[in-house]
Number of protein chains: 4
Amino acid sequence: MQLGIIGMGKMGLPLALNGRDKGLNIVVFTDKADKRAQLKQEGITVHAGLESFVSALTPPRAVWLMIPAGPPVDAMIARLRPLMAPGDILIDGGNSRYQDSQRRSEELRRDGIHFLDVGTSGGTEGARNGACLMVGGDEAVYGRMEPVFRALSGGSGYGRMGASGAGHFVKMIHNGIEYGMMQAIAEGLEILRHGPMPFALDRVTQVWRKGSIVSGLLMDMTAAALAREPDLGSIKGVVAASGEANWTVEEAVRLGVSAPVIATSLFSRFKSQDQEKYAEKSLAAMRREFGGHAVIAKGED
Amino acid sequence: MQLGIIGMGKMGLPLALNGRDKGLNIVVFTDKADKRAQLKQEGITVHAGLESFVSALTPPRAVWLMIPAGPPVDAMIARLRPLMAPGDILIDGGNSRYQDSQRRSEELRRDGIHFLDVGTSGGTEGARNGACLMVGGDEAVYGRMEPVFRALSGGSGYGRMGASGAGHFVKMIHNGIEYGMMQAIAEGLEILRHGPMPFALDRVTQVWRKGSIVSGLLMDMTAAALAREPDLGSIKGVVAASGEANWTVEEAVRLGVSAPVIATSLFSRFKSQDQEKYAEKSLAAMRREFGGHAVIAKGED
Amino acid sequence: MQLGIIGMGKMGLPLALNGRDKGLNIVVFTDKADKRAQLKQEGITVHAGLESFVSALTPPRAVWLMIPAGPPVDAMIARLRPLMAPGDILIDGGNSRYQDSQRRSEELRRDGIHFLDVGTSGGTEGARNGACLMVGGDEAVYGRMEPVFRALSGGSGYGRMGASGAGHFVKMIHNGIEYGMMQAIAEGLEILRHGPMPFALDRVTQVWRKGSIVSGLLMDMTAAALAREPDLGSIKGVVAASGEANWTVEEAVRLGVSAPVIATSLFSRFKSQDQEKYAEKSLAAMRREFGGHAVIAKGED
Amino acid sequence: MQLGIIGMGKMGLPLALNGRDKGLNIVVFTDKADKRAQLKQEGITVHAGLESFVSALTPPRAVWLMIPAGPPVDAMIARLRPLMAPGDILIDGGNSRYQDSQRRSEELRRDGIHFLDVGTSGGTEGARNGACLMVGGDEAVYGRMEPVFRALSGGSGYGRMGASGAGHFVKMIHNGIEYGMMQAIAEGLEILRHGPMPFALDRVTQVWRKGSIVSGLLMDMTAAALAREPDLGSIKGVVAASGEANWTVEEAVRLGVSAPVIATSLFSRFKSQDQEKYAEKSLAAMRREFGGHAVIAKGED
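These numbers were taken from a predicted model, which means no experiment stands behind them.

Draft legend 1. Examining the overall build of chain A more closely. For chain A, the helix and strand inventory stands at 13 helices and eight strands. If you take every contact in chain A between residues at least 6 apart in sequence, the share linking residues at least 24 apart comes to 64%. Surface accessibility of chain A: about 10000 Å² in total, with carbon and sulfur atoms responsible for 50%. Charge-centre separation for chain A: the mean point of 34 positive side chains lies 3 Å from the mean point of 33 negative side chains.

Structure, rendered in structure tokens:
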């Protein structure tokens, strides 16, 4: 089965190789010359022009976008739309906001183009060998693409989560859960790090990887990271928040659902990025006012 | 290798069967006649008296306690101590507080009895087929018992975490992490449950089980529970807290380590058990005072 | 100085009486006959028709809206706009979202109508005797209305917070802080309620009201509520969330600012409204899977 | 009425001056020569020796300790005990743990010495002009000392909270609430600081001080601190945690009461003191493993 892929970044390139290995006929568009060279070496057909890329696909076409969420997706759809034909299928495998996917599905429907939103999990490793795929869109369209999902998941989970937007909604919640699970692990490690006796955290997490209640892919990752460097001495304690957990918290607020752990996990990342510490400064300043407590002046400790 | 086991509850019985299957020579003490009958049927040697049980073990003996934490452990140790001899090894595989294990290790050392504290994870399934074992105690004593740990873990993780108490300390933190991970999953499921479109949560979690970042033993359990009954309609929303996460939060406070997600997860369970809702009542009462907001009287909604 | 007021609800009526007492020339529009009768008895001019109300005001007019936020404000502005003239001032004293106030300010500017957004705090008591007023809008327009703000605040705080929207932004944050402060008090009371010795919470809060670090209007309200009924036995533990704290959390997420206490306070209210407890059920169900722990079936306890 | 005071620190000295101004006969013990000089200048009787101090008090004596909690209190009681007589009253006005106060009360009772535990709030300003006093101990003993409490509170609240320990228990909870309220204010200020328009936070808090729902002593302190320096540029964002909130969280855990806001406020202070950021480093390291996300190396930003 043929699949066009657009976007040769951290996720798109391993996905293309994965599809090739699973017997899919992968056709790629990328405007980056080095990626084209790499793909050719791998024996994957690649186009430098979008028109030639679309023309090379056999109708009804299936095109998988693996590009940054937000404006880039709308921009790419605007370019693709005139080139595609009724009955073609456009798949957004990135981390788009589910409302955007609902809107795009409606817009493309007017041209007879089908749209599937696919939340992709499993990291770069999953993209390469078998990704977990959460799909939203019409049942019949999902059915047509199921062989592709089966191939790319390579034994990992995949399934239709519901109508358009459902795939990205489930992926959004997945990432909210991921933030909470990661924060729980991180807090536990920090307590161990300051514990009343020394612990070899690489060994602890290695033991936890197998058979414990907290075992799973995240513990595998944690153990792998700690095996490289148990004291994490070379890493700065600044953690990015990529967007989906923000949306999860906004969604919880909008729906009136309680999500304190997911929200606190997100906020803990925000705080790690905060240089000024205005909240903490104001706490220190209040204490000085009522308690006569000394505050630490800058550059004093 | 021979292993005496005391405690034929939810964890002890499957552990005995597990050991038997892995080639250990299992000898059991239990005062429950029905358990003795069951063990005999399984071909496991069982004693109704503690003295005959200890006598039946070849010195230097190895006795594994799998009984409720707290006073029962001290009571059993008090009974065993006069029966055991220098060089014997006593293993506490339950969920004891690590400070208790440190104390017991010191007390038994005076009689020349070795002590190992073993945090056991993996649930009843793990106990039966392969448990994750976190061990604390002297390195040489650990070395003597390693074949037993290897057998009982059956491919799961096991290892020495440090000196006496380290096994139960690591298990305590493990459970704190577990609470946070479970709460993160539960919050995500509740958002999906109230989401803008219907989701089949059994299918969602089934997909997440394989290859996703949130995959792992907890997601397996979640998917299994939702496969039985997706709307969980027969279950009451009251969640027990068994102790280790309480200790984790106390330890974080004592060590001055930030653990908001683990603490909030614990508190969310406390709140689920709260019938009176005095905090919520006081919030409603405050609102009425300053806002003229109506409050809902009992039996009114 | 003359002030037209629209909206004779929980806040608007006491505000009209407050203005009358402070020497303002209050003119009211309300379509509710009982409110008109009440106002006439108080000697306040009142109109049943919007046109006659606007005509009765001396240009340049000042009209204060004290009506529910959201669509009602837009609907009222749509009715007022054709009746008002360039140079008139429209004031929104309700709990509108700050982005709405920014938009309305822009829209009205096209007709030459000035707009001020005023966050009003202090509850019904403050509206009656002296409200805290946070104002957003052009400096010159604020200057023209300052005598009105001074009168209505009656010794309470008032001031210009910034350009259009700033008044409602500051009020939004104020309410977020209020949620956090209330939750902190409520948690403290619940611990006392379950403490190791009995406490008379009406007496405790009465003592805290005067001179303690936690004294303030909220503690006054808490003590007043507990004086009525210390065990709050007649009140249901269900707490409404009126919107501004939701926006505060959304704003924190949007701005990348950490606000775990405000968010947790909001979520605690959401949870108090939750009948199904799906998150808690899923936790109980997970525990059953891995621990063989019994769960409480509905109607069983 | 006569009152002996021991401890001339940040709270004890203003308390002595406060008592003197309210007509109490204040007698002080301090081994610090500079404090003795200062007190003499204020016309307050002061002793350099503990024996002469106790001898100078008319039986039945009343001695108020205003010294650091913990071992110093036990050490001072050990020195005082042989000097005091049955019927004397010892008052601990510091921030002792309530269990310590319960124990000390029992110990002193054996010598016929009465004990009152007094939680003191209001900061140094309150100590000087009128402190909020939460008292635990026997009703009759409280009755004998009530004139002293009335004098020292100077219009602030005071009252008997219950049996021995109740005063310090209520003070402990008071401080837990204080932490939550402070954190709520700090979070609100940080959102304003990063808001979509500039805010003069000194003006905002000044307006909030009067008549708003969030008005109170803490807002007064916040406004005072921001009046000095609105951007708090000279202060480091490191906040101490003095102990009572730690105990509040431990108590909540022990009693099974949910207190997420108080706990999160405490943890936010712990995190402000954390230099290593091991939790954040481990989050960054996990992200790198599964996402191929770059992490910031130390010294790199």
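Draft legend 2. Broad picture of empty space enclosed by the protein. Within the structure shown, the criterion is met by two cavities of 30 Å³ or more. For the largest cavity, the calculated volume is near 330 Å³. Lining the largest cavity are 25 residues, and of these S268 and K271 of chain B, S268 and K271 of chain C together with S258 of chain D lie nearest its centre. Put simply, the parts of the chain that give the lining of the largest cavity at least two residues each are α8 (166–193), α12 (260–273) and α13 (278–291) of chain B together with α8 (166–193), α12 (260–273) and α13 (278–291) of chain C. Residue contributions to the lining of the largest cavity peak at five residues, all from α12 of chain B. Its residues assigned to classes, the lining of the largest cavity shows seven nonpolar, nine polar and nine charged. The volume enclosed by the second largest cavity comes to roughly 30 Å³. Along the walls of the second largest cavity sit L189, T222, A225 and L226 of chain A together with S282, A285 and M286 of chain D, which together make up its complete lining. Of all the secondary-structure elements, those providing two or more residues to the lining of the second largest cavity are α10 (217–228) of chain A together with α13 (278–291) of chain D. Classifying every residue of the lining of the second largest cavity gives five nonpolar, two polar and no charged.

Draft legend 3. How the structure looks around the packing of helix α9 (residues 201–209) of chain B against helix α10 (residues 217–228) of chain B. All names here are of chain B. Between α9 and α10, whose axes approach to 8 Å, the crossing angle comes to 155°. Considered as vectors, α9 and α10 are oriented roughly antiparallel to each other. Seen along the crossing, α9 lies across α10 with a hand that is left-handed. Within the contact between the two elements, α9 uses L201, D202, T205, Q206, W208 and R209 and α10 uses M219, D220, T222, A223, L226 and A227. When the residues that make up the contact of α9 with α10 are grouped by side-chain class, the tally is six nonpolar, three polar and three charged.

Draft legend 4. Quick look at the domain arrangement of chain A. All names here are of chain A. What the domain assignment reports for chain A is domain 1 (2–163) and domain 2 (171–199 + 236–272). Taking the mean C-alpha position of each, domain 1 and domain 2 sit 30 Å from one another. Opposite the nine residues of domain 1 that make contact, domain 2 presents eight residues. Here domain 1 and domain 2 share an interface that buries about 730 Å² over both sides, 50% of which is from carbon and sulfur atoms. It is N95, R97 and Y98 that lose the most area in domain 1 upon contact with domain 2, and together they represent 64% of the buried surface on that side. The interface formed by domain 1 and domain 2 includes one salt bridge.

Draft legend 5. Structural detail: the interface of chain B and chain C. Every contact between the two is made by 60 residues of chain B and, on the other side, 60 residues of chain C. Summing the contributions of chain B and of chain C, the shared interface buries around 5600 Å²; its carbon and sulfur component is 61%. Sorting the residues of chain B by area buried against chain C places Y278, E289 and F290 of chain B first, and these three jointly supply 14% of that buried surface. Where chain B meets chain C, there are six salt bridges. Between E190 of chain C and K271 of chain B there is a salt bridge whose closest N-O contact spans 3.0 Å. The tally of links from chain B across to chain C stands at 14 residue pairs in polar contact (both at pLDDT 80 or more).

Draft legend 6. View of the relation of the copies chain B and chain C. Between chain B and chain C, the superposition needs a rotation of 180° and an axial shift of 0.0 Å, giving an RMSD of 0.0 Å. Given the turn and translation reported, the copies of this chain are related as if by a two-fold rotation axis. Comparing interface residues between copies, 100% of those in chain B also sit at the interface in chain C, which points to an isologous, same-surface contact.

Draft legend 7. Representation of the relation of the copies chain B and chain A in the model. Of the two same-sequence chains, chain B is brought onto chain A (RMSD 0.0 Å, axial shift 0.0 Å) by a rotation of 180°. By residue overlap, the copies meet face to face through one surface: 100% of the interface positions of chain B are interface positions in chain A.

Draft legend 8. Quick look at the confidence of the model for chain A. Mean pLDDT for chain A: 96, with 98% of residues reaching 70 or above. Among the scores for the predicted complex, ipTM is 0.96 and pTM is 0.96.

Draft legend 9. Broad picture of the interface of chain B and chain A. If you look at the interface, chain B gives 66 residues, while chain A gives 67 residues. Carbon and sulfur atoms make up 77% of the surface buried where chain B meets chain A, a total of about 5400 Å² over both sides. The largest contributions to the chain B side of the interface with chain A come from M181, I191 and I213 of chain B, which together make up 14% of the buried area. On the surface where chain B and chain A come into contact, there are zero salt bridges. For the interface between chain B and chain A, the tally reads 14 residue pairs in polar contact (both at pLDDT 80 or more). The element contributing the most residues to the side of chain B that touches chain A is α8 of chain B, with 17 residues. Its residues assigned to classes, the side of chain B that touches chain A shows 34 nonpolar, 24 polar and eight charged.

Draft legend 10. Region of interest: the environment of S272 of chain A. Looking at the element boundaries, S272 of chain A is found in helix α12 (residues 260–273). Note: C-alpha distance between S272 of chain A and V238 of chain A (34 residues apart in sequence) is 5.0 Å. The contact partners of S272 of chain A, leaving out residues within four places of it in the chain, are G237, V238 and V239 of chain A together with E280 of chain D.

Draft legend 11. Expanded view of the pairing of strand β1 (residues 2–6) of chain A. All names here are of chain A. Within β1, five of the five residues are buried, leaving the element largely enclosed by the surrounding structure. Of the two faces of β1, the one lined by Q2, G4 and I6 and the one lined by L3 and I5 are each fully buried. The pairing of β1 with strand β2 (residues 25–29) spans five bridges and is classified as parallel. Pairing of L3 across the sheet is with I26, part of β2. Taking the sense of rotation as the criterion, the β-α-β connection linking β1, helix α1 (residues 12–21) and β2 turns out right-handed.

Draft legend 12. A look at the pattern of salt bridges. All names here are of chain A. Scanning the entire structure with this criterion turns up 85 salt bridges over all chains. Here D21 makes a salt bridge to R20, at a shortest N to O gap of 2.7 Å. Of the charged contacts, one joins R109 and E106 as a salt bridge, the two residues approaching to 3.4 Å between their closest N and O atoms. Separated by three residues within a single helix, R109 and E106 lie in helix α5 (residues 98–109), roughly one turn from each other. Residue classification places E106 among the partly exposed positions, given a relative accessible area of 41%. If you follow the salt bridges from partner to partner, you end up with D74, D92, D100, R103, R104 and E107 in one network.

Draft legend 13. Summary view of the nonpolar core. Of all hydrophobic cores here, the largest spans 223 residues; its most connected members are W208 of chain A, W208 of chain B, W208 of chain C together with W208 of chain D. Ignoring sequence-local partners within four residues, the contact set of W208 of chain D consists of C132, M134, V170, I173, H174 and I177 of chain C together with L192, V214, S215 and M219 of chain D.

Draft legend 14. Structural context of the packing of aromatic side chains. In this structure the tally under the stated criterion is 24 aromatic pairs over all chains. Among the aromatic residues, ring-to-ring pairing joins W64, Y142 and F149 of chain A into one connected group.

Draft legend 15. Spotlight on the sheet that holds strand β3 (residues 45–47) of chain C. Across the sheet, eight strands lie side by side as β3-β2-β1-β4-β5-β6-β7-β8 (chain C); this open sheet has mixed pairing. Unpaired on one side and paired on the other, β3 and β8 (158–162) of chain C mark the two borders of the sheet. Strand-to-strand, the axes of this sheet are offset by a mean angle of 25°, without reference to chain direction. Sheet analysis places strand β4 (residues 62–65) of chain C next to strand β5 (residues 89–92) of chain C, joined by four bridges and oriented parallel. Its bridge partner being in β5 of chain C, W64 of chain C is matched across the sheet by I91 of chain C. Lying over the sheet, α8 of chain C contacts β5, β6 (114–121), β7 (132–136) and β8 of chain C, oriented at roughly 15° with respect to β6 of chain C. The strands that helix α9 (residues 201–209) of chain D touches are β7 and β8 of chain C; relative to β8 of chain C, the one it contacts most, it runs at about 150°.

Draft legend 16. Looking closely at the pairing of strand β6 (residues 114–121) of chain D. All names here are of chain D. Counted residue by residue, β6 has seven buried out of eight residues, so it is predominantly covered. This β-α-β element, strand β5 (residues 89–92) to helix α5 (residues 98–109) to β6, shows right-handed connectivity. As defined by bridge partners, β6 adjoins strand β7 (residues 132–136) across five bridges and the pair is classed as antiparallel. Residue pairing across strands places V118 opposite V135, the latter belonging to β7.

What counts as what
Residues numbered from 1 in each chain as written. Chains lettered and ligands numbered in written order. Predicted model: local features only at pLDDT ≥ 70, side-chain atom pairs only at ≥ 80, totals over all residues. Heavy atoms only, no water. Helix = DSSP H or I, 4+ residues; strand = E, 2+ residues; numbered from the N terminus. Contact = heavy atoms within 4.5 Å. Areas by Shrake-Rupley, 256 points an atom, 1.4 Å probe, with all protein chains shown as cover. Lys, Arg positive; Asp, Glu negative; His and termini not counted. Charge placed at Lys NZ, Arg CZ, Asp CG, Glu CD. 1 Å grid on protein atoms, 1.4 Å probe; cavity = no way out; pocket = protein on both sides within 12 Å on 5 of 7 lines; lining within 4 Å. Points joined across faces, edges and corners; volume = space filled by probe spheres on them. Nonpolar A, V, L, I, M, F, W, Y, C, P; charged D, E, K, R; others polar. Axes fitted to C-alpha atoms, helices over the stretch in contact; angles between N-to-C directions. Parallel < 35°, antiparallel > 145°, perpendicular 65-115°, else oblique. Left-handed = near helix turned anticlockwise from the far one by under 90°. Domains from an automatic or database assignment. Buried area = accessible area lost by both parts, 1.4 Å probe. Salt bridge = Lys/Arg side-chain N within 4 Å of Asp/Glu carboxyl O. Polar contact = N/O pair within 3.5 Å; in protein donor to acceptor, adjacent residues only side chain to side chain. Least-squares fit on C-alpha atoms with pLDDT ≥ 70 in both. pLDDT = per-residue confidence, 0-100. Buried < 20%, exposed > 50% of the residue type's maximum accessible area, 1.4 Å probe, protein only. Pairing = 2+ DSSP bridges. Right-handed = clockwise from strand over helix to strand, strands pointing away. Core = buried A, V, L, I, M, F, W, Y, C linked by side-chain atoms within 4.5 Å. Phe/Tyr/Trp six-rings, centres within 6.5 Å; stacked < 30°, edge-to-face > 60°.

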